[in-house]
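Report on the structure
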Amino acid sequence: MTRWKMGGIIVVFYPNDHRPRHVHVVEDGKRDIKFDLEHWKAMDGVLSPKAGKVLEELKSMGVFDVKKS
């Protein structure tokens, strides 16, 4: 499990979770939204603009890039 916390938004990635590759987004300790990293869209629920900005920032940092071994 990898976890990032930015501005009250918690993003959690479970490497062995089901497809498609996704993260769980928790905002203010209330919402748990699955966000599809392959298609870059919410799988369930509605992503807030604040959470969207956090995901964009993490993406720009390269944290969602697939590591090739």
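Up top is the structure these notes are about.
Notes on the structure follow.

Parameters and conventions
Within any chain, residue numbers begin from 1 and follow the written order of that chain's sequence. With pLDDT at 70 or above as the cut-off, local features in this predicted model cover only qualifying residues; side-chain atom pairs require 80 or more to be listed or tallied, and sums for whole chains, interfaces and linings still use all residues. As a rule here, side-chain values come from all non-hydrogen atoms in the structure, and water together with hydrogens is ignored. Throughout this description, buried means an accessible area under 20% of the type-specific maximum (1.4 Å probe, protein chains only), exposed means over 50%, and partly exposed covers the range between. Counting from the N terminus, the helices are the DSSP runs of H or I reaching at least four residues and the strands are the DSSP runs of E reaching at least two. Paired strands, in this sense, are two strands between which DSSP finds at least two bridges. Put plainly, a pocket is an open set of points on a 1 Å grid over the protein atoms alone with protein on both sides within 12 Å along at least five of seven lines, a cavity is a set where a 1.4 Å probe fits but cannot get out, and a lining residue has an atom within 4 Å of a point. Grid points are joined across faces, edges and corners, and a volume is the space filled by probe spheres set on the points.

A separate point is the pairing of strand β3 (residues 22-27). By the criterion of burial, β3 is predominantly enclosed, with 5 of the 6 residues buried. Of the pairings in the sheet, the one linking strand β2 (residues 9-13) to β3 comprises 4 bridges and is antiparallel in character. Pairing of I10 across the sheet is with V26, part of β3. From the end of β3 to the start of strand β4 (residues 31-36), which pair antiparallel, there are 3 residues, and D28 there has a positive phi angle of about 55°.

This part is about empty space enclosed by the protein. In the structure shown here, the tally under the stated rule is 1 cavity of 30 Å³ or more. Here the largest cavity is characterised by a volume of approximately 30 Å³. Lining the largest cavity are V25, V26, E27, R31, I33, L47, S48 and A51. Looking at the lining of the largest cavity, the elements that each hand over two or more residues are β3 and β4. With 3 residues, β3 is the single largest residue contributor to the lining of the largest cavity.

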